[in-house]
Amino acid sequence: MSNTILEAENLCKFWGGLKALNELNIKFADKQLHSIVGPNGAGKSTLLNTLCGAYPATSGVILYQGKSITNLKAYEFCRAGIGRSFQKTNIFHDATCLENCCIAAQQRIGGSFNLFRNRSTNKSITEIANSALKQVGLNGRADTKAAEVSYGEQRQLEIAMVLATDPKVLLLDEPMAGMGHEESQIIISLLKELKKHYCIVLVEHDMDAVFELSDLMTVMVDGQHLITDTVENIRNNPLVQDAYLGNDDEVF
Ligand SMILES: Nc1ncnc2c1ncn2[C@@H]1O[C@H](COP(=O)(O)OP(=O)(O)OP(=O)(O)O)[C@@H](O)[C@H]1O
Ligand SMILES: [Mg+2]
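Notes on the structure in this doc start here. In this text the structure is predicted, and so the values were computed from the model without any measurement. For every chain, the first residue of the written sequence is number 1, and numbering continues from 1 along that sequence. Labels are handed out in written order, letters beginning with A for the chains and numbers beginning with 1 for the ligands. Per-residue local features of the predicted model are confined to residues with pLDDT of at least 70, and side-chain atom pairs are confined, for both listing and counting, to 80 or more; whole-chain, interface and lining totals are unaffected and use all residues.

Quick notes on the overall build of the protein chain
Inclusion rule: Secondary structure elements are defined from DSSP: runs of H or I of at least 4 residues count as helices, runs of E of at least 2 residues count as strands, and each element is numbered from the N terminus. Counting other C-beta atoms within 10 Å of each residue's C-beta, where C-beta atoms are placed from the backbone, gives the exposure class: buried for 20 or more, exposed for 12 or fewer, partly exposed between. Whether two residues are in contact depends on their C-beta atoms, placed from the backbone: they are in contact if these lie within 7 Å.
What the protein chain contains, in helices and strands, is nine helices and 10 strands. Classification of the 252 residues of the protein chain by burial places 40% in the buried group. Of the contacts made within the protein chain by residues no fewer than 6 positions apart, 68% connect residues no fewer than 24 positions apart.

Below you can see the structure in the form of structure tokens.
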């Protein structure tokens, strides 16, 4: 892949004897949406957590723009351009949507957001935060407390918070979890737009969304890479259907 931006080579993450990631080799291309699917416990969240530096790899290498970033600290992954959202929500409910994005933006810039810093620094953080809210269509909610926006809007806010860290790669863990059809459609449209500009690694159980959005899909089972292919080839692969949902008749 010529436009590979992020790559894992023989990546392992062990919890004691449990091989949550077992010799994983995978490449992610710029301006593509690459989904990771697989049954519960397959290691999808562990993969994202390892790719963003939150969990140190047990062994193996993570390459970003061709250079090893394996041993960097989590904040250095973020500053390098790898942004991630969490499977469990990560927002401050008592803060406004704008403040949540400011907190995220300062992670990338460094230092802390507070009223006593010089105005120009705070202004640039606020500008970044406002533009992130605008990218996800939440600019009208800037001054509303996160607790007061709808569940769907909170999930949009989480994406805005990732964007506020000015990433090149977005690692998104189940951004549509718990959403109804209409709310999911908003996220699908948003991700269609964002994938024109970013490398997106999407972990998602909503298969309709995955099929609609993915340029490539990877199936993981028991910490291992099973297959990476196009949506069409994955859908028609009986091996994948077996591995993914076991004996279920109704698959994708
Ligand atoms: N912090 C941890 N400590 C110990 N074991 C862990 C930890 N995090 C994950 N695991 C284990 O690693 C394996 C992979 O978990 P992971 O959360 O990556 O799965 P997943 O594919 O994201 O599943 P789901 O679809 O349910 O979110 C599981 O067996 C899980 O119990
Ligand atoms: Mg998970």
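Digging into the environment of Ile103
Along the chain, the position of Ile103 falls in helix 3 (residues 97-109). Measuring from C-alpha to C-alpha, the distance between Ile103 and Thr126 comes to 9.6 Å, with 23 residues separating the pair along the chain.

Focus on the pairing of strand 1 (residues 4-15)
Operational definition: Two strands form a pair only when DSSP identifies at least two bridges running between them.
Two strands pair when backbone bridges link them, and strand 1 and strand 2 (residues 18-29) are joined in this way by eight bridges, in the antiparallel orientation. Each residue of the ladder has a partner; that of Leu6, found in strand 2, is Phe28. In textbook terms, the turn of a hairpin is the stretch between consecutive antiparallel strands, and for strand 1 and strand 2 this stretch comprises two residues, one of which, Gly16, has a positive phi near 55°. Relative to strand 4 (residues 59-64), strand 1 runs antiparallel, the two sharing five bridges. Note that in strand 4 the partner of Glu7 across the bridge is Leu63.

Considerations on the packing of helix 5 (residues 151-163) against helix 6 (residues 181-194)
Just so we agree on the cut-off: Axis geometry follows a simple rule: fit a line to the C-alpha atoms, using only the stretch in contact for helices, then measure angles between N-to-C directions, giving values from 0 to 180 degrees. The labels follow the angle: roughly parallel below 35 degrees, roughly antiparallel above 145, roughly perpendicular from 65 to 115, and oblique for the rest. Helix crossings get a hand from a simple test, with the near helix turned counterclockwise from the far one by less than a right angle marking a left-handed crossing and a clockwise turn marking a right-handed one. Residue polarity follows a fixed list, in which Ala, Val, Leu, Ile, Met, Phe, Trp, Tyr, Cys and Pro are nonpolar, Asp, Glu, Lys and Arg are charged, and the others, Gly among them, are polar.
Closest axis-to-axis distance for the helix 5/helix 6 pair is 9 Å, and the angle between their directions is 20°. With respect to each other, helix 5 and helix 6 are oriented roughly parallel. Between helix 5 and helix 6 lies a crossing whose hand is right-handed. Contacts between helix 5 and helix 6 pair Gly152, Arg155, Gln156 and Ile159 from the former with Glu183, Ile186, Ile187 and Leu190 from the latter. Residue composition of the contact of helix 5 with helix 6, grouped by class: four nonpolar, two polar and two charged.

Some details on the sheet that holds strand 1
Ordered by their spatial adjacency, four strands build an open sheet running 2-1-4-5, and the pairing between neighbours is antiparallel. Where the open sheet ends on each side, the last strands, each with one partner, are strand 2 and strand 5 (67-68). When strand 4 meets strand 5, the two strands line up antiparallel, connected through two bridges. In the sheet register, Tyr64 faces strand 5, and the bridge partner there is Lys67.

A short note on the site of ligand 1
Applicable threshold: We call a residue near a molecule or strand when its C-beta atom, built from the backbone, sits within 6 Å of it.
Around ligand 1, the surrounding shell holds 12 residues, and the nearest of these are Ala20, Asn40, Lys44, Ser45 and Thr46. Among the elements of the structure, strand 2 and helix 1 (44-51) are those that each provide at least two residues to the shell around ligand 1. For the shell around ligand 1, the element with the most residues is helix 1, which contributes three residues. When grouped by side-chain class, the residues that make up the shell around ligand 1 number four nonpolar, seven polar and one charged.

Here we look at the sheet that holds strand 8 (residues 199-203)
Taken in spatial order, the six strands of this open sheet run 6-7-8-3-9-10, and their pairing is mixed. Where the open sheet ends on each side, the last strands, each with one partner, are strand 6 (82-84) and strand 10 (224-229). Across the sheet, the mean angle from the axis of one strand to that of its neighbour is 20°, orientation sign disregarded. Strand direction decides the pairing type here: strand 7 (residues 169-173) and strand 8, joined by five bridges, are parallel. Bridge pairing in strand 8 places Asp173 opposite Val203.

Examining the environment of Val221
Mapped onto the secondary structure, Val221 falls in strand 9 (residues 216-221). Val221 gets classed as partly exposed once you count the C-beta atoms within 10 Å, which come to 18. Considered as a pair, Val221 and Ala243 are 22 residues apart in the sequence and their alpha carbons are 7.1 Å apart. Not counting residues within four places of it along the chain, the set of residues in contact with Val221 comprises Gly38, Pro39, Ala42, Leu226 and Ala243.

A word on the packing of helix 3 against helix 5
Interhelical geometry of helix 3 versus helix 5 gives an angle of 35° and a closest axis separation of 8 Å. Here helix 3 runs over helix 5; the crossing is right-handed. Contacts between helix 3 and helix 5 pair Cys97, Asn100, Cys101 and Ala104 from the former with Leu157, Ala160 and Met161 from the latter.

Geometric descriptors of this kind do not, in isolation, establish any biological role.
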